Amino acid sequence: AVVSTQSTGNKKRHIGNNIVTIVYNDSGLPYRQGTIKGQCNLCDVIIEPQPNNMNLVSLSSLKTTKLTDLKPHSALLVSNSSLAGIVRQMAVNANHLCQVSNGLNTGSVPYNCNWLERLKKIQKILSRCVTPMSSPTPARRETLF
């Protein structure tokens, strides 16, 4: 089967544009940050397999991000059965921390949760669409007779 070029291009467009990158490093060598190129890579969740069905999971951030809460020496030893859930939660929390940090560093409004952002957008749309009615007009009733 031939894959269309446009669908492949759209699929690859998202690769490398993540704030948090999850890396499975089974090379036996230390992971060098910046190996995976991208425009937004600020933090890496690094998974290194260990003996006895265990994995060493650590976070590391770029020095330019000033994320002092993400310390490269903090690592977890996690079993294979718990790995997916813990790594996913670490990535979500690191993403949130990076967004808050970027908002504070750039002087813009810090990141809010999705529900608060959605509420603000709904209120903005309502303020544009709803105009106060000064005097209500009675509905006209037309008869077909």
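Report follows, based on the coordinates. Per chain, residue numbering runs from 1 following the sequence as it is written. Since the coordinates come from a predicted model, pLDDT governs what is reported: local features require at least 70, and pairs of side-chain atoms require 80 or more to be given and counted, while whole-chain, interface and lining totals use all residues. Side-chain calculation: all heavy atoms of the structure are included, whereas hydrogens and water are not.

Numbering of helices and strands starts at the N terminus; helices are DSSP runs of H or I of at least 4 residues and strands are runs of E of at least 2. The secondary structure content of the chain amounts to 3 helices and 4 strands. The N-to-C order of helical and strand elements in the chain reads α-β-β-β-β-α-α. Burial analysis of the chain (145 residues in total) assigns 23% to the buried set. Note on contacts: a residue pair is in contact if any heavy atoms of the two residues lie within 4.5 Å. Pairs at least 24 residues apart make up 38% of the contacts formed inside the chain by residues separated by at least 6 positions. All accessible-area figures derive from a Shrake-Rupley calculation using a 1.4 Å probe, and residue coverage is judged against the displayed protein chains alone. Taken as a whole, the chain presents about 11,700 Å² of accessible surface, with 58% of it coming from carbon and sulfur. The classification of residues rests on relative accessible area computed with a 1.4 Å probe and restricted to protein chains. Under 20% of the type maximum is buried, over 50% is exposed, and intermediate values are partly exposed.

Further remarks concern the environment of valine 20. Within the secondary structure, valine 20 sits in strand 1 (residues 20-24). Taking the C-alpha atoms as reference points, valine 20 and asparagine 41, separated by 21 residues in sequence, lie 5.9 Å from one another. In contact with valine 20, not counting residues within four places along its chain, are Cys43, Val45, Ala91, Ala94 and Asn95.

Reading across the sheet, the 4 strands line up as 1-2-3-4 and stay open at both edges, with mixed pairing between neighbours. Where the open sheet ends on each side, the last strands, each with one partner, are strand 1 and strand 4 (75-79). Pairs of neighbouring strands in the sheet enclose a mean axial angle of 20 degrees, with direction left out of account. Both strand 2 (residues 43-50) and strand 3 (residues 54-61) contribute to a ladder of 8 bridges, which runs antiparallel. Bridge pairing links isoleucine 46 to serine 58 in strand 3. A pair of strands is treated as paired once DSSP finds two or more bridges between them. The angle between two axes is taken between their N-to-C directions and runs from 0 to 180 degrees, where each axis is a line fitted to C-alpha atoms and a helix contributes only its stretch in contact.

Right, let's talk about unusual backbone geometry for a bit. Most of the time, phi is negative for any residue but glycine, and the peptide bond is trans. A positive phi is found at asparagine 52, a non-glycine position, where the angle reads about 65 degrees. One can find asparagine 52 in the loop between strand 2 and strand 3. By relative accessible area, which is 70% here, asparagine 52 ends up exposed. Phi is positive for asparagine 53, close to 55 degrees, though the residue is something other than glycine. On the basis of relative accessibility, which here comes to 56%, the residue asparagine 53 falls in the exposed class.

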